[in-house]
Each structure stands twice: as structure tokens, then as C-alpha cells.
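# Examination of the molecular architecture
Below, each chain spelled out in residue letters.
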Amino acid sequence: MRRPFIAGNWKMNMDKAGAVALAQGLVEACKDIADVDVAICPPFVYLDAVCQVCKGTNVAVGAENCYFEDNGAFTGEISVAMLKDIGATYVILGHSERRNIIGECNELINKKVKKALAGGLKPILCIGELLETRKAGKTMDVIKDQLEGSLADLTAEDMANVTLAYEPVWAIGTGEVATPEQAEEVHAFVRDWLTNRFGAEVAQNTRIQYGGSVKASNAQGLIGKEDIDGALVGGASLKVDAFMGIINNCR
Ligand code: PGA
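Treat the numbers as computed from the prediction; the structure is a model and nothing was measured.

Basis of the calculations
Sequence order as written defines the numbering, with residues in each chain counted from 1. Local features in a predicted model are, by the rule used here, given only for residues with pLDDT of at least 70; side-chain atom pairs are given and counted only at 80 or more, and totals for whole chains, interfaces and linings are based on all residues. Think of the side-chain values as coming from all heavy atoms in the structure, minus any hydrogens and water. Pairing between strands is defined by DSSP: at least two bridges between them are needed. Elements are defined by DSSP. Helices are runs of H or I of four residues or more, strands are runs of E of two residues or more, and each kind is numbered from the N terminus. Between the N-to-C directions of two axes lies an angle of 0 to 180 degrees, each axis being a line fitted to C-alpha atoms and, for a helix, fitted only over the stretch in contact. Residues are treated as being in contact if the distance between any of their heavy atoms lies within 4.5 Å. To estimate the expected span of a helix, count its residues, drop one, and scale the result by 1.5 Å. The rule is simple: put a 1 Å grid over the protein atoms alone, call a set of points where a 1.4 Å probe fits but cannot get out a cavity, call an open set with protein on both sides within 12 Å along at least five of seven lines a pocket, and count a residue as lining if it has an atom within 4 Å of a point. Grid points are joined across faces, edges and corners, and a volume is the space filled by probe spheres set on the points. Throughout this entry, Asp, Glu, Lys and Arg are counted as charged residues, while Ala, Val, Leu, Ile, Met, Phe, Trp, Tyr, Cys and Pro are counted as nonpolar. The remaining residues, Gly among them, count as polar. In this description, a nonpolar core means a group of buried Ala, Val, Leu, Ile, Met, Phe, Trp, Tyr and Cys residues linked to one another through side-chain atoms lying within 4.5 Å. Think of it in three bands: with a 1.4 Å probe and only protein chains considered, a residue is buried below 20% of the maximum accessible area for its type, exposed above 50%, and partly exposed in between. If the strands point away from the viewer and the path from the first strand over the helix to the second runs clockwise, then the crossover is right-handed. Throughout, disulfides are identified as pairs of cysteine sulfur atoms within 2.5 Å of each other.

## Looking at the sheet that holds strand E5 (residues 122–127)
- Taking strand neighbours around the barrel as the criterion, the eight strands line up as E1-E2-E3-E4-E5-E6-E7-E8 in a closed arrangement whose pairing is parallel. Direction aside, neighbouring strands of the sheet carry axes that sit 25° apart on average.
- Where strand E1 (residues 5–9) meets strand E8 (residues 230–233), four bridges bridge the pair, whose relative direction is parallel. Bridge pairing in E8 places Ala 7 opposite Leu 232.
- Along the sheet face, helix H8 (residues 180–198) touches E5, strand E6 (163–166) and strand E7 (208–211) and points at about 150° away from the line of E7.

Put into C-alpha cells, the structure is as follows:
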């Protein structure tokens, strides 16, 4: 049985006081949650403060990105060791906003995934198709490309520390959620791909989150599907009640 995993992606939102207050509220609300893994991913500048709030609790902390070099002249970048140093456990990589707005490609994302794993951070690797890709009937081709490219060179052992997040780009921040059936079709495809690439055991153990306009009211239908193991949540992760509604509806 895969344990549900709900992660909040705060993106470029909030101020420091708001970030600390939200983390405190979630730590308190999650005190008795023993059957779901919960993580929150604040902006870099609030990570340290949020890690201090979450230390020793059942709310883990992740970053929204990292770089693949150890250190040196990489202005503006943040290393895996820095994130480990302040207490982060996870790192979101390959988010569609980084792929499509910042221009990150599979090759770069793959370097980051490998570096994160080597440094002891657990990647949440995002994949997902644009609306035009779906309309052209090429969703699975793009998903396959993203999986092959972003997970190149990884071993079955590496996969024990990788979470995947299927996030159709047309559903992110739009309020237009994929139907449970649409999402499950892709999740099942991803699990088949994992079986072929890494074997049945890895495929059965890897958690695949769905992301894109998840909220309390649609979480249950999505997470009830066989191959959907949790959610990566943007907008609805910015308020304690909205995020807890999702967590409680997938238990
Ligand atoms: P959303 O974002 O829940 O606001 O659609 C999800 C994500 O981008 O991870």
C-alpha cells in the first residue's frame, strides 16, 4: 500500500510572518495525522524559518527548486547542501512554471534530480502536458519524453526517494481540474512506464501525486483512483483550512 502524500507548493506567495503563521497552523492541525505524509514547500527565503517551526513535527519541508552544482560562481542559485543544511527534506523539480516560464529542459531537470538524490534530498518530479498537447492527442508522448529525460541514469534504488507529480498544465491555477478519469489514465500510463523502466516493485512503490486545482471538494475523487497517491497543491495550500480539508479527505 502506498501511503498518501500531500505536498503544498506555496510558489512566490506570502511574507515571512504569513509563512511562519501558516506553518505553525499546519503543524498544530497535523499533530494527529499519522496516515498521510505532509510536506510544505515555501519560497527559499522563508525556508529556514519554516524549517524551524516544523522541526520534530510530522510536517516535512521542501524547497521549490535547487541547482545542480556544489558551490561556486552561480549567482542567485541555491545548492542541495544549503537546503540540507537548513533542514529541508524534499525539493520540487521540473515544475511546469519552471519548464514553461523559466525555460528549464529535461536535461537540466535531470541534473538537478541526480544532484538532489546524491545530496540526500527527495525530489518531487513534476511532469505534465500543455493544453495544445492534449488537444493534439500527444499527452502520453510528452509524458514519456519528460519521464525518460528527467529520470535518465537513475537506478531502481534511487526511485525509493523520488515522488512523481502529474500536473496537466491546463489545470494549474485555472480552477479547471482534470477529471479523476483523465488523471488516472495518465497515472496508469506513468506506472506502466515505471514498470518497464525500473521493474514492478519500483512501479508499485513509487508515489504519483496529481496536481492542478486540487481542493477539498475534488481531492477525494482523485485520490480514490488506483494510481493517484496524493496531491501537489498550489492555491489551496495557502490557508490552513483549505489544505487540511484536502489532507482529511484523502485519509
Ligand atoms: P494549483 O497549483 O493547485 O494552484 O493549481 C498546483 C501546482 O502548481 O503545483
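Next comes the rest of the account.
## Side note on H8
- Here H8 contains 19 residues, and its C-alpha end-to-end distance of 26 Å stays within 8% of the 27 Å for a straight helix at 1.5 Å per residue.
- Of the residues trailing H8, Gly 199 is marked for its positive phi of about 100°.

## Some remarks on empty space enclosed by the protein
- As enumerated under the stated definition, the model contains one cavity of 30 Å³ or more in all.
- Here the largest cavity is characterised by a volume of approximately 40 Å³.
- What lines the largest cavity is simply Gly 94, His 95, Ser 96, Arg 99, Asn 100, Cys 126, Ile 127, Gly 128, Gln 146, Glu 167 and Val 169.
- Elements with a minimum of two residues in the lining of the largest cavity: helix H4 (96–102) and E5.
- Considered class by class, the residues forming the lining of the largest cavity number three nonpolar, six polar and two charged.

## Looking at the nonpolar core
- One finds Ile 6, Ile 40 and Leu 151 to be the most contacted residues of the largest nonpolar core, which totals 67 residues.
- When residues of this core are assigned to their parent elements, the largest contribution, six residues, is made by H8.
- For Ile 40, the contacting residues outside a window of four places in its chain are Gly 8, Trp 10, Ala 23, Leu 26, Val 50, Cys 54, Val 59, Ala 60, Val 61, Gly 62 and Phe 243.
- Judged by nonpolar contacts, the second largest core, of 11 residues, contains Ala 60, Ile 92, Ile 124 and Cys 126.

## Describing the pairing of E1
- Of all the five residues making up E1, five are buried; the element is thus mostly covered by neighbouring parts of the structure.
- Every second residue of E1 is oriented toward a common face, with Phe 5, Ala 7 and Asn 9 on one face and Ile 6 and Gly 8 on the other, all of them buried.
- With five bridges connecting them, E1 and strand E2 (residues 37–41) associate as parallel partners. Residue pairing for E2: Asn 9 is matched across the bridge by Cys 41.
- With helix H1 (residues 16–29) bridging E1 and its parallel neighbour E2, the resulting β-α-β unit is right-handed.

## So, the state of the cysteines
- Evaluated as defined, the whole model comprises zero disulfides.
- Of the cysteine sulfurs around Cys 30, a residue in no disulfide, the closest is that of Cys 54, at 9.0 Å.
- Residue Cys 30 is classed as buried on the basis of its relative accessible area, which comes to 1%.
- In this structure Cys 41 is a free cysteine whose sulfur lies 9.2 Å from that of Cys 126, the closest cysteine sulfur available.
- A residue is classified by how much of its surface remains accessible, and Cys 41, at 0% relative accessible area, is buried.

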